[in-house]
Amino acid sequence: MARYGYLVFLSSLLLASCAQVGTITGGDQDTSAPKPIDGKVNPPNASVNFTGNTVEIPFDEYFTLSSPGTSIQMVPPHATVKASMHQKTLTLTWDEELRSNTTYAIYLNKTVRDLSERNDSIMQYVFSTGSVLDSTRLSVSVVDAYTNAPIAESVVALYDPESDGLINFAQTDRSGKANLTYLRPGTYKIIAFKDENKDLLPQATEEVGFFADSLITIDSTTTLSTPIRQFTPVVKAELASVEFAAPATFLLKTTSEIVDPVVSIDGVSVDSNQYFLEDETTLHVFMDPSELISGEIALTTPEFSDTLTFRIPEAKKTGKVLIQPTEKSKTFTPSQAFTFRLNDLIKGIDTSLIHLSNPDDSTDIPYEVSFAKNTLTFDVKRGSTQEILVEFEKEAIETMTGNSEAFRGTITLNSAKKYGVISLDISSYTNQILLQVVKGKDLVRELSITPSAERYSLSELLPGDYTFKVIRDENENGKWDTGELSTRTLPEQIDHYSTQTKVRANWEVEVELVPSTEEQ
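Residues numbered from 1 in each chain as written. Predicted model: local features only at pLDDT ≥ 70, side-chain atom pairs only at ≥ 80, totals over all residues. Heavy atoms only, no water.

Caption draft 1: Here's a closer look at the side chain of T103. Relative to the elements of secondary structure, T103 occurs in strand β7 (residues 103–109). A relative accessible area of 8% places T103 in the buried class. At 2.9 Å, the side chain of T103 forms a polar contact with the backbone nitrogen of D134. For T103, the residues in contact, after removing those within four places along its chain, are V75, P76, V126, F127, S128, V132, L133, D134, Y182 and R184. (Helix = DSSP H or I, 4+ residues; strand = E, 2+ residues; numbered from the N terminus. Buried < 20%, exposed > 50% of the residue type's maximum accessible area, 1.4 Å probe, protein only. Polar contact = N/O pair within 3.5 Å; in protein donor to acceptor, adjacent residues only side chain to side chain. Contact = heavy atoms within 4.5 Å.)

As structure tokens, this is what we get:
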């Protein structure tokens, strides 16, 4: 089960709860974290004129400590807090002398866990060495920069703009909202991030978000109307994995887009006719494995070069050569090529073993067929919607490692009347955009478009409800670019158009996309 941590104020006993799967021992599962006994906290939370160096926090159940050396933080960080426990009481101490007239917060970042279910939470103990507690509050939301969905368990931190010292922090709840409390009015640097190592500092590999101007001035209790857009930083371009799939495919996955690939195995170049891109980060490489046991496979692009080792067990060297339609639905639109794909490199075709017919009366359907790499393309006369029974007899296709298995199935070639059209007005945009057309949760179309006064036609859309996303492609590279904390580069803006557009068969509907603050 996913874990959700919440900021806990000891004075109000607002504690997060989350159960992990554990051994069933009878009775209801404990789904709440240990709770401090508010009336017995010494000195009480929110104390003023604090002069000591010890805090005792009794809890309502026995507990264990999780990484207290790194998960306990005093803010401002003027002292190192040490933790000890006796029965149900946690004692916090420090040796340093604190500054006068200063509000301090001690955060327990999932430090306290119960003994059985390991439930935990973030807790905050606040005190002032002066006569007044800082009382300004800041509320802010964090959303995913790509999906616009709220992000839970993101740390929102305020830092001194000159020293980068931590001033305050809070964690977002399930709705993506964080409330920072006990603040002193002033100007701060604000950053949101997934604090994987609990050091309260954004790391190069952690998700992060910020505003274009990283500084924020707080004069009074404030709720920010603009959310922080959090994103995954650019990762190092490299070959992430190599997997061999029988009978003849190396599957190469990368962390970045593959452009103009060059492949070699054990230093020997592989002919470009022996590989193809499945998507922008997945490359299929066909190779006869009969003489291979282990070795190195190298991938080189204009952006990076990387090498991984591989090993092919004897049991994985043989497999069936299978034929499948390139469309999982077995339905092709008028503009789609009528194609089949094999899991091996095609060497030849025996058309006497391939039959196309009408499934209703078994009459033959004339065709021509060609191949490239591992794909067969059929050319048939197309008009109104028609179903075709396709039969490949065994050994109809000769491949690099053997001959194909038999295949029998019915495919559908649809006519234009089965689809609807959206006539799109995107003239409110002036620069290049990347348009995403979404049906339900599925991305059905992604198009790089230079807007103009003329309408853009989206044809061959199945009936249903559609929504849109517009990526403002600032560098005109045809993809969404994430951000960079070190250079203060924000991810490209995405406008979300959530109002559904209904598409009907053989019908055209007009839609206008106008960016607004409500859609962003």
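Caption draft 2: Structural view of unusual backbone geometry. A cis amide bond links N42 to the next residue, P43, at an omega of -10°. Looking at where P43 falls in the secondary structure, it is placed in the loop between β1 (7–9) and β2 (54–58). In this chain, V75 is followed by P76 through a cis amide linkage whose omega measures -5°. Among the structural elements, P76 can be located in the loop between β4 (72–75) and β5 (82–86). A positive phi angle, close to 60°, is found at K330, a residue other than glycine.

Caption draft 3: Representation of the pattern of salt bridges in the model. Summed over the entire model, instances satisfying the criterion amount to 11 salt bridges. We note a salt bridge from R455 to E510, for which the minimum N-O separation is 3.5 Å. With R455 in the loop between β39 (442–449) and β40 (456–461) and E510 in strand β43 (residues 508–512), this pair connects stretches of sequence that are 55 residues apart. Accessibility expressed as a relative area gives 56% for E510, which makes it exposed. Between D465 and K502 there is a salt bridge, with the nearest N and O atoms lying 3.1 Å from each other. Residue D465 is found in strand β41 (residues 464–472), and its partner K502 is found in strand β42 (residues 494–503); the two are separated by 37 residues along the sequence. Given the relative accessible area of 28%, D465 is considered partly exposed. (Salt bridge = Lys/Arg side-chain N within 4 Å of Asp/Glu carboxyl O.)

Caption draft 4: Quick peek at the pairing of strand β14 (residues 186–193). Across the eight residues that make up β14, a large majority, six, are buried. Here strand β11 (residues 155–159) pairs with β14 via five bridges, running antiparallel. Each residue of the ladder has a partner; that of Y159, found in β14, is K189. Pairing analysis gives two bridges linking β14 to strand β15 (residues 208–209), with the strands arranged antiparallel. Paired with F193 across the two strands is V208, which belongs to β15. (Pairing = 2+ DSSP bridges.)

Caption draft 5: Structural detail: the packing of aromatic side chains. Applying the stated criterion across every chain, the model contains 21 aromatic pairs. When the centroid spacing of 6.0 Å and the interplanar angle of 25° are considered together, the rings of F50 and W94 count as stacked. With a gap of 44 residues between them, F50 in the loop between β1 and β2 and W94 in the loop between β6 (89–93) and β7 connect regions that are remote in the sequence. Judged by relative accessible area, F50 falls into the buried class, the value being 7%. Directly above the ring of Y62 sits K88, whose terminal nitrogen or CZ lies 5.0 Å from the centroid. Taking NZ or CZ as reference, R488 lies 5.1 Å from the ring centre of F210, over its face. (Phe/Tyr/Trp six-rings, centres within 6.5 Å; stacked < 30°, edge-to-face > 60°. Lys NZ or Arg CZ within 6 Å of the ring centre and 35° of its normal.)

Caption draft 6: Representation of the sheet that holds strand β22 (residues 268–269) within the structure. Spatial ordering of the open sheet is given by β22-β21-β25-β26, a layout of four strands whose pairing is antiparallel. Of all strands in the sheet, those bounded by a partner on one side alone are β22 and β26 (305–311). Relative to β26, strand β25 (residues 294–300) is paired through seven bridges, and the arrangement is antiparallel. In the strand pairing of β26, A298 is matched with T307.

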